[in-house]
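Summary of the model geometry
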Amino acid sequence: MILEGSQEKRHSFTHENVEIRTRRSSALDKEALGLFNTRAFTFLVLWYFFSACTLFLNKYILATLKSDPTLLGAMQMVMTTVFGFIQMYLPLGMYTPVSREGKPPNFWRNMMLVGTMRFSTVVLGLVALKFVAVSFTETVKSSAPLFTVFISNILIGEYTGLYTFLSLIPIMLGLGLCSAYELSFNIQGFLAAIAANLTECLQNVYSKLLISGEKYRYTPAELQFYTSIASIVVQIPACFFMMDLEKVHRTLDITLLSSLLLNGVFFHFQSITAYVLMGYISPVTHSVANTVKRAFLIWLSVILFGNPVTFLSGLGTIIVTFGVLLYTKAKEHDQNLLALKEKYKKEIGDTEILVRQV
């Protein structure tokens, strides 16, 4: 009986290891394809679309309707909590549900961490948007790939080769030039944009760690729903200290309320498409895609609002495009170099074993 139980336990352990290895191999295969994967590219387009809707509605609510940034951030979290709960039972083809017994270890700690980072990113971004132009905020955030390289190396040990690292420079420089024509410096807006940049990079890398876990893998809807709940818990005392209740009471009408609700829907789909995309690409590639998205949004604002186009903004767009192509080639080159190094180490190791045996 003891022997049978031991064999059964060993079989279960082996089966679990095989399942983990299969999942890891599948994740690596998806990351190797990156944005060349049809689903990944589809979610990239959806992410860009919903980000544009959210950003311009944010600006309309804050600048035209004169709403409080904390109220807008709170409404976004409430709406994404509601829709996140629905999407846990109706995936809508965005992800494959994961069946598990109970919650993974440190579940609520992880959710509180990501939730706090999500809330901080949203509120800091909205504060920055209140004090400075969209383009200035995006220019400050152009340093995101650099932050992500260091954070992903520390948290998940992701290797970034020299050529990949160097290819990030034209991408960041290009985005800075894209928005150079509309810079409007303000110390409060600048500090808020820097802080939002850092918390967003931390949030993205940590979320990638949870989504790509080997033993316990979170689904995009779980991250969306539970981190939104955690964010709301953090929001309650924050709203008490930060929200101007008199201003909220004075400005809240049917137009503002409907705009807040619609903005919350857009924000939910922006967030969940970003989480789904994380499952297909590395944090650094995600950060690069985010930088390209910012350049796209700047140009979209030029087209929609008729802002003047300067030589620098046109040059910046060309440099960003060139930088992205360079990044793709550099990443492929660095991955090939890494594979050759690993192969060489293995061959050296095998040779040493043979020498010892002789």
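Starting afresh in each chain, residues are numbered from 1 along the sequence in its written order. Residues qualify for local features only when their pLDDT is at least 70, as the model is predicted, and side-chain atom pairs are given and counted only at 80 or more; totals for whole chains, interfaces and linings, by contrast, use all residues. Side-chain measures were taken over the full set of non-hydrogen atoms in the model, leaving aside hydrogen atoms and water.

For the rest of this paragraph, the subject is the confidence of the model for the chain. pLDDT expresses, on a scale from 0 to 100, how confident the predictor is about each individual residue. A residue-level look at the chain finds 78% of positions with pLDDT of 70 or above and a mean pLDDT of 76. Each helix corresponds to a stretch of at least 4 residues labelled H or I by DSSP, and each strand to a stretch of at least 2 residues labelled E; elements are numbered beginning at the N terminus. Mean pLDDT across the secondary structure elements of the chain bottoms out at helix α1 (residues 2-33), with 48, and peaks at helix α11 (residues 254-278), with 92.

Let's shift gears to the UniProt feature "transmembrane region" (unreviewed entry) in the chain. UniProt positions are given in the numbering used here, feature names are shortened, and annotations may be inferred rather than shown by experiment. The sites that carry the UniProt feature "transmembrane region" (unreviewed entry) are, in the present numbering, residues 40-58, 70-90, 110-132, 144-166, 254-277 and 297-327. Secondary structure content for residues 40-58 is 100% helix and 0% strand, and the end C-alpha separation is 26 Å. The straight-line gap between the two end C-alpha atoms of residues 144-166 is 14 Å; of that span, 74% is helix and 0% is strand.

Let's shift gears to the packing of helix α4 (residues 107-131) against α11. As a rule, the C-alpha atoms of each element are fitted with a line to give its axis, helices using only the stretch in contact, and angles between N-to-C directions run from 0 to 180 degrees. Contact pair α4 / α11: the axes reach a minimum separation of 14 Å and the direction vectors enclose 130°. When the axes of α4 and α11 are compared, the pair comes out oblique. As α4 runs across α11, the sense of the crossing is right-handed. Contact residues: Val114, Arg118 and Val122 in α4; Phe267, Ser271 and Tyr275 in α11. Here the contact of α4 with α11 is built from residues that sort into 4 nonpolar, 1 polar and 1 charged. Orientation labels follow simple angle bins: below 35 degrees gives roughly parallel, above 145 gives roughly antiparallel, 65 to 115 gives roughly perpendicular, and whatever is left gives oblique. Each helix crossing is assigned a hand: it is left-handed if the near helix lies turned anticlockwise from the far helix by less than a right angle, otherwise right-handed if that turn is clockwise. Contacts are assigned to residue pairs that have any heavy atoms within 4.5 Å of one another. Note on residue categories: nonpolar means Ala, Val, Leu, Ile, Met, Phe, Trp, Tyr, Cys or Pro, charged means Asp, Glu, Lys or Arg, and polar means any other residue, Gly included.

A word on the environment of Leu155. On the secondary structure map, Leu155 appears in helix α6 (residues 144-155). The classification of residues rests on relative accessible area computed with a 1.4 Å probe and restricted to protein chains. Under 20% of the type maximum is buried, over 50% is exposed, and intermediate values are partly exposed. The class of Leu155 is partly exposed, set by a relative accessible area of 38%. For the pair Leu155 and Tyr206, spaced 51 residues apart in sequence, the C-alpha to C-alpha distance is 7.4 Å. The residues touching Leu155, leaving out its near neighbours within four places in the chain, are Val205 and Tyr206.

What follows covers the environment of Val248. Within the fold, Val248 resides in helix α10 (residues 245-251). In this structure Val248 comes out as buried when scored by relative accessible area, which is 12%. Expressed as a C-alpha distance, the spacing of Val248 and Asp68, which sit 180 residues apart in the sequence, is 6.5 Å. When near neighbours in sequence (up to four residues on either side) are disregarded, Val248 contacts Asp68, Leu71 and Met243.

All right, on to the nonpolar core then. Across soluble globular proteins, nonpolar side chains have a tendency to be buried as a group. Working definition of a nonpolar core: buried Ala, Val, Leu, Ile, Met, Phe, Trp, Tyr and Cys residues. They are joined through side-chain atoms within 4.5 Å. Trp47, Ile61, Met94, Met111, Leu210, Leu223 and Leu260 are the most contacted members of the largest nonpolar core, which totals 56 residues. Secondary-structure elements contributing two or more residues to this core are α2 (38-64), α3 (69-89), α4, α8 (187-211), α9 (220-242), α11 and α12 (283-305). Excluding anything up to four places from it in sequence, Met94 contacts Arg39, Phe43, Gln87, Phe269, Ile272, Thr273 and Val276. Membership of the second largest hydrophobic core comes to 7 residues, among which are Ile171, Met172, Val288 and Tyr327.

What follows concerns the packing of aromatic side chains. Here is the rule: rings of Phe, Tyr and Trp (six-membered ring for Trp) pair when centre to centre is within 6.5 Å. Planes less than 30 degrees apart are stacked, more than 60 are edge-to-face, and the remainder are tilted. A complete count under the given rule lists 10 aromatic pairs for this structure. Linked through ring pairs, Phe85, Tyr89, Trp108, Phe225 and Tyr226 together constitute an aromatic cluster.

Attention now goes to the side chain of His286. Its place among the elements puts His286 in helix α12. A polar contact of 3.5 Å, which involves the side chain of His286, links it to the backbone oxygen of Ala274. Look past the residues within four positions of His286 in its chain and what remains in contact with it is Trp47, Asn204, Ala274, Leu277, Met278 and Ile281. Polar contacts, as used here, are pairs of N or O atoms within 3.5 Å; protein pairs need one atom able to donate a hydrogen and one able to accept it. Residues neighboring in sequence count only if both atoms are side-chain atoms.

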